[in-house]
Amino acid sequence: MEISVKNIKHDALSINKYNYNRVAQVCGGTAAGLGVAAIMGWISGFLLLASICFDYVPMGQNTSIAFVALGCALFILAYHSTHPVAHQFIKIVVIFDLLFAILIIVQYFSGINFGINQVLFSTPEKTSGMVPISMMSSMTAVTFLLIGISLLLLSFPLGSERRCKGAASILATMVVVIGSTVILGYSYATPLFYWARRVPMSLTTAIAFVLMGIGLISSAGPQYWPLYLVVGSSTRSRLMRVFLTLVGTVVLFDFWLDAIVILHLGRNPAFVSSLLAILTLVVSNFIISHIANKIGNPIDRIEVDHKLVTERFQKLSGTIEQSPNAVMITDIKGNIEYVNSKFTQITGYSREEAVGQNPRILKSGQTPPEEYKRLWETITAGGEWQGEFYNKKKTGGLYWEHAYISPIKNSEGVITHFLAVKEDITERKRAESQLVYMANRDPLTNLYNRRYFQKDLERWLTHVQRYKIHGALLFVDLDNFKNINDTFGHQTGDKLLKTVAGLLRKRIRRTDTLARLGGDEFAIILHRTNLEQTQSVAREIIESIRRSAAMEENESFSITVSIGIALFPEHGTAIETLLSSADIALYRAKEEGRNRLCIYTPDQKT
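Residues numbered from 1 in each chain as written. Predicted model: local features only at pLDDT ≥ 70, side-chain atom pairs only at ≥ 80, totals over all residues. Heavy atoms only, no water.

Draft legend 1. How the structure looks around the sheet that holds strand E10 (residues 521-527). Here 5 strands make up an open sheet; going across it, the order is E9-E10-E8-E11-E12 and the pairing mixed. Two strands bound the open sheet, and with one partner strand each, they are strand E9 (513-518) and strand E12 (597-599). In this sheet, neighbouring strand axes are inclined to one another by 20 degrees on average, regardless of whether the strands run parallel or antiparallel. Pairing between strand E8 (residues 471-478) and E10: 7 bridges, direction antiparallel. By the bridge assignment for E10, Leu 473 is matched with Ile 525. (Pairing = 2+ DSSP bridges. Helix = DSSP H or I, 4+ residues; strand = E, 2+ residues; numbered from the N terminus. Axes fitted to C-alpha atoms, helices over the stretch in contact; angles between N-to-C directions.)

Draft legend 2. Focus on the pattern of salt bridges. For the coordinates displayed, the defined rule picks out 18 salt bridges. Ionic pairing is found between Glu 543 and Arg 546, a salt bridge with its closest N-O pair at 2.4 Å. Of the two residues, Glu 543 and Arg 546 are both situated in helix H18 (residues 531-547); the distance of 3 residues between them amounts to about one turn of the helix. (Salt bridge = Lys/Arg side-chain N within 4 Å of Asp/Glu carboxyl O.)

Draft legend 3. Fine view of the confidence of the model for the protein chain. Put simply, the protein chain has an average pLDDT of 80, and 80% of its residues get 70 or more. Note on residues 550-554: pLDDT is under 50 here. Beyond four places in sequence and across chains, it has 6 contacts. (pLDDT = per-residue confidence, 0-100. Contact = heavy atoms within 4.5 Å.)

Draft legend 4. How the structure looks around the packing of helix H6 (residues 161-187) against helix H7 (residues 203-220). With their axes 8 Å apart at the nearest point, H6 and H7 run at an angle of 155 degrees to one another. Put simply, H6 runs roughly antiparallel to H7. The two elements H6 and H7 cross, and the hand of that crossing is left-handed. In this structure, H6 contributes Lys 165, Ser 169, Ala 172, Thr 173, Val 175, Val 176, Gly 179, Ser 180, Val 182, Ile 183 and Tyr 186 to the contact, and H7 contributes Leu 203, Ala 206, Ile 207, Phe 209, Val 210, Gly 213, Ile 214, Leu 216, Ile 217 and Ala 220. Classifying every residue of the contact of H6 with H7 gives 15 nonpolar, 5 polar and 1 charged. (Parallel < 35°, antiparallel > 145°, perpendicular 65-115°, else oblique. Left-handed = near helix turned anticlockwise from the far one by under 90°. Nonpolar A, V, L, I, M, F, W, Y, C, P; charged D, E, K, R; others polar.)

Draft legend 5. Quick peek at the sheet that holds strand E3 (residues 326-331). Across the sheet, 5 strands lie side by side as E4-E3-E7-E6-E5; this open sheet has antiparallel pairing. The open sheet has two edge strands with one neighbour each: strand E4 (336-339) and strand E5 (385-392). Across this sheet, the average inter-strand angle for adjacent strands is 30 degrees, counted without regard to direction. Where strand E6 (residues 398-409) and strand E7 (residues 415-424) come together, 9 bridges link them in antiparallel fashion. Paired with Ala 403 across the two strands is Lys 422, which belongs to E7. Packed onto the sheet, helix H13 (residues 369-380) meets E5, E6 and E7 and runs at close to 140 degrees relative to E5.

In structure tokens form, the structure reads like this:
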């Protein structure tokens with residue numbers, strides 16, 4: 001992820017917008033409240049919020065009405081209301097404010113009295129100190145004009161929303177500066193910004209302007225000047241908050257003292273001190289912002305990079321820890337440095353028991369040493385290896401695993417560690433074995449089926465040609481089995497087939513092959529035998545089946561078998577030839593009266 005200075009400067013976007021809307025609502029509501037209080041003062045004759053000192057100028061009636069309207073508009077704007085009535089109200093207030101401010105300014109510069117200084121009340125001429133009451137200062141009108149334009153840009157953008165909000169925030173900042181300067185002047189007992197008829201802005205008006213300015217700045221959002229300088233969690237923002245607070249405090253205190261000196265110069269001490277204070281704050285802000293950027297941005301980059309690395313490490317660590325596969329990391333000597341939870345679950349070794357050990361603790365002795373040698377040669381050469389192990393758990397149980405092992409290299413390409421990702425495939429191996437078993441077995445008798453029988457016979461015939469060994473192929477067929485099925489049912493027939501399969505299994509060696517070819521046909525491959533031994537085995541089979549004629553559940557019937565024998569290599573070494581020879585011999589045994597064996601001779605024909 002790329003981190004830019006611009007992103008760091010606008011980290012205030014992450015601040016909850018809801019908090020700034022609440023600030024705007026409070027400021028708008030308070031400003032409207034000041035206006036209402038001033039109006040009530042004019043109605044009652046007490047001039048509320050005007051007589052803090054005997055010579056302070058009260059807020060005029062027209063100014064009070066303007067603040068009530070503007071405060072309500074700001075309050076509604078902070079809600080981001082999309083209701084048509086709310087939008088119409090804000091639009092009317094903006095138009096009223098702009099026309100009102102422009103007429104006042106024109107009136108001051110033209111000398112024409114438009115009769116708008118007392119638009120609500122016909123109050124007798126009164127004075128408070130040396131200043132006439134209810135005459136709006138031209139500077140007040142200018143400030144109302146700034147507020148109206150700022151509110152217009154925030155409510156109804158005239159172009160790019162970002163540029164409009166930025167301009168609105170700057171205008172609102174000017175309103176705050178004007179109001180703060182007037183308040184500072186009153187603190188020196190010298191009202192500022194007379195203009196025209198030398199009517200100063202009232203103290204309560206200045207306070208309301210500061211509230212409106214702060215509310216408009218908050219509505220614009222923390223990503224615009226001046227809020228973006230000091231809000232947010234970046235190092236630059238933290239430095240700006242500390243430095244500006246300290247510098248502002250020092251500057252205000254310093255120029256408070258300077259006012260005493262300026263008094264001796266015969267100048268307006270509040271005006272001169274205020275201008276010097278504002279100028280110093282602006283210059284200080286520029287210098288501090290530059291220093292904060294130089295110091296803070298590199299630190300922010302480091303912090304962001306560190307945070308990204310930490311998050312990536314945590315994500316990677318969590319992924320590995322929760323991986324469905326066992327993960328193991330070793331040093332270049334093969335000693336274990338890390339294992340995840342799945343490893344401990346599969347092997348039974350805890351993390352503490354495994355770390356520091358060699359993976360050979362898992363060896364079961366079932367994997368050939370040559371495989372381990374190939375593995376080590378591959379990964380130490382920088383290659384990747386994958387294969388299967390039959391390993392041993394801590395408890396001694398065996399399990400299959402598929403392992404993928406690769407080297408971990410540093411930036412210079414030197415191998416520093418080895419990574420092994422292992423999957424427990426025991427169940428898969430068991431399922432595969434079961435599938436292989438089922439694919440090669442007869443489901444009724446559990447003997448080998450025709451498919452396996454033919455493969456095994458082909459394999460043995462290959463050995464016969466290579467090693468000159470002898471053997472025999474026997475076809476065993478039950479006599480009159482169809483009559484038993486028709487008379488007693490298929491269930492009895494199936495039981496009979498199972499019984500015959502058991503008897504045949506007892507009469508052959510473990511090295512021999514016994515299969516059911518289908519129906520009542522069985523086949524036997526006698527390995528490494530001769531004619532005499534083959535005949536002996538065949539006679540034992542016939543006799544054992546004849547003696548077991550009495551079946552279970554008092555079912556009495558006679559059962560016999562016929563056997564056809566072909567020898568290899570005497571009667572052929574090709575599988576088709578041998579199968580045909582055994583089948584011909586079986587057919588001959590059936591013709592000669594059944595319940596007998598018959599050895600193939602070349603003069604026999606189908």
